[in-house]
Amino acid sequence: MDKDNKSLVKLNALVAKLQQSNAQLEQENLRLNQEKKLLEQKLNAALDGTGLCLWEQHIPSGNLTMFNMEWGSLLGYTIDEMAAHVDSWKGNLHPDDRQWVIANFEDHVSGKTDSYDVTHRMVHKDGTVSWVSDRGRVIEFGDNGEPIRIMGTHVDITKEKRYELELAKLAHRDPLTDLLNRKALLEAFELQRKQVNAGALMFIDLDDFKSNNDRYGHKFGDSVLIKIAETLQLKVPESNAIARIGGDEFVILLESADPVKLSLIADRILTAFGLSLVIENKTIQIGMSIGISLFTTQSFAEICEQADHAMYEVKRQGKNSYLFHQ
């Protein structure tokens, strides 16, 4: 009996010890969960407003996990509308970017590159497009070296990209008419000469623009220039480039070097502005003097000078017509 009592005491002591150990483990687990929750709160607080999210993909299954926001929320979807899977991600890549982005991703997963790092576009639920910077790296491999998990970041850079594109546009566009500026015209000229090594340049100067500007004001003059730019784009669809290079000076770059075709285009332009135009409830006449120069190997400066000389000869002869440089 004493032996049984001793065994019972030992058993009770062991149970008490296990209970104490279990309580300590529960307390430690509670502490770790609290620390984990605190770390998640700190992470989310740090990431809020940055447009950056952390993601992980289980490569064999294709399942995706996003740690600091719901999957699909970046594109306007709920979790029920878009499965958290790599196929959903691929399906929402911009059509023009899909092939090369997936190729970059698969190159890294297959070990061809050290990391996955691309900037591309994605399509929102409402059809709008956003720019994102995606980066990732395989962080776990199987026993045979096969990739198991890849983790990375996904950053919405739409605002920055739009700003970048606007700056690029300002560098190549006339801010008033949205036509090309001189720099962009020169680039278009050099590209055309490399491709076809021939063409024509039309130099257009408005007749008596200053008188209308002085009579109705600069704001009205700006409206006239905008109307001219719109009309030139509409009436000369075969142009390689249309630019505004000065106050009332426009240039049209064409691949054709056929004087007959070029004469028809010049006549078309003059006819379009031959009738009275109504701008801001005011009826005005717009005349144009057009100088045309054909080119093969000449420089851009030489062609502009030749077309300019031809244009001034039109002015001298009575305006509102065109001449080829001789």
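Here is a short report on the structure shown in this document. (Residues numbered from 1 in each chain as written. Predicted model: local features only at pLDDT ≥ 70, side-chain atom pairs only at ≥ 80, totals over all residues. Heavy atoms only, no water.)

**Looking at the packing of aromatic side chains**
To keep it simple, the criterion reads: Geometry of aromatic contacts follows a simple scheme: Phe, Tyr and Trp rings, the Trp one being its six-membered ring, pair when their centres are within 6.5 Å, and the pair is stacked under 30 degrees between planes, edge-to-face over 60, tilted otherwise. Whether a charge sits over a ring comes down to the Lys NZ or Arg CZ being within 6 Å of the ring centre and within 35 degrees of the ring normal.
Under the criterion given, the structure shown has six aromatic pairs. Taking 4.8 Å as the distance between ring centres and 55° as the angle between the ring planes, the aromatic pair formed by tyrosine 216 and phenylalanine 220 counts as tilted. Members of the aromatic cluster, connected to one another through ring pairs, are Trp89, Phe105 and Tyr116. Sitting over the face of the ring of tryptophan 131, lysine 161 holds its NZ or CZ atom 4.7 Å from the ring centroid.

**Some points on helix 9 (residues 300-317)**
Quick reminder: α-helices carry 3.6 residues per turn. Residues three or four places apart thus point the same way. Keep this limit in mind: Runs of E in the DSSP output that reach at least two residues are strands. Runs of H or I that reach at least four are helices, and both are numbered from the N terminus. Each helix should span, by expectation, one fewer than its residue count multiplied by 1.5 Å. Exposure is judged per residue with a 1.4 Å probe applied to protein chains only, and the accessible area is read against the type maximum: over 50% gives exposed, under 20% gives buried, and values in between give partly exposed. Only heavy atoms enter the contact rule, under which two residues are in contact if any of them lie within 4.5 Å.
Here helix 9 spans 26 Å end to end across 18 residues, near enough to the 26 Å set by a 1.5 Å rise per residue. Within the sequence span of helix 9, burial applies to Phe300, Ile303, Cys304, Gln306, Ala307, Asp308, Ala310, Met311, Val314 and Lys315. Each element contacted by the buried residues of helix 9 is listed here: helix 5 (182-195), strand 6 (199-207), strand 11 (287-295) and strand 12 (321-324). Glycine 318 lies just past helix 9 and shows a positive phi near 135°.

**Quick word on a nonpolar patch on the surface**
Applied cut-off: What makes a patch is a set of residues exposed beyond 30% relative accessible area and free of salt bridges, joined within 9 Å when like-charged and within 5 Å when nonpolar (Val, Leu, Ile, Met, Phe, Trp, Tyr). We get accessible surface area from the Shrake-Rupley algorithm with a probe of 1.4 Å; when it comes to residues, only the shown protein chains can shield them. Salt bridges are defined by distance alone: a side-chain nitrogen of Lys or Arg within 4 Å of a carboxyl oxygen of Asp or Glu.
Where nonpolar side chains cluster on the molecular surface, the patch consists of Leu8, Leu11, Leu14, Val15 and Leu18 and spans about 450 Å² of accessible area. In this fold, leucine 18 is placed in helix 1 (residues 2-47).

**Things to note about unusual backbone geometry**
Its identity is not glycine, yet asparagine 197 carries a phi of approximately 55°, on the positive side. Inspection of the secondary structure puts asparagine 197 in the loop between helix 5 and strand 6.

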